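Summary of the model geometry
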Amino acid sequence: MTVAAWGSAPAEAHGPIGVPLVDLLDRVLATGVVVSGDLVIAIAEVPLVRLSLHALLSSVNERVAAPWTDSGPL
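This text gives an overview of the structure that appears in the document. Keep in mind the model is a prediction, meaning the values are calculated, not measured.

A tally of regular secondary structure across the protein chain gives 1 helix and 2 strands. Secondary structure elements of the protein chain occur, N-terminal to C-terminal, as α-β-β. Across the 74 residues in the protein chain, those meeting the buried criterion constitute 0%. In the protein chain, the share of contacts with a sequence separation of at least 24, taken over all contacts with a separation of at least 6, comes to 18%. Summing over all exposed atoms, the protein chain offers an accessible surface of approximately 7,200 Å²; the carbon and sulfur share of this is 64%.

What follows is the structure, given as structure tokens:
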């Protein structure tokens, strides 16, 4: 077993780490993802403005029937 010097990284650490952005985007659009968040603006611990975000990100597939009866707005 070799020990790397302080501040240096082993040779295998220089390769790609994790999932490439294109693959991650492909997985997200194929399965969909929900993004939720809240933002509260307060002064002296008195909430003045509250913003809530709820978004669904997904791809559209023409082979899947629309959930509405009139073909929808698209």
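In this section: unusual backbone geometry. Positioned with a positive phi, A44 is a non-glycine residue whose angle comes to about 55 degrees. Mapped onto the fold, A44 is located in the loop between β1 (33-43) and β2 (46-57). In the Ramachandran plot, E45 falls in the positive-phi region, its phi being about 60 degrees despite a non-glycine side chain. Following the sequence through the fold, E45 ends up in the loop between β1 and β2.

Rules behind the numbers
Residues numbered from 1 in each chain as written. Predicted model: local features only at pLDDT ≥ 70, side-chain atom pairs only at ≥ 80, totals over all residues. Heavy atoms only, no water. Helix = DSSP H or I, 4+ residues; strand = E, 2+ residues; numbered from the N terminus. Buried < 20%, exposed > 50% of the residue type's maximum accessible area, 1.4 Å probe, protein only. Contact = heavy atoms within 4.5 Å. Areas by Shrake-Rupley, 256 points an atom, 1.4 Å probe, with all protein chains shown as cover.

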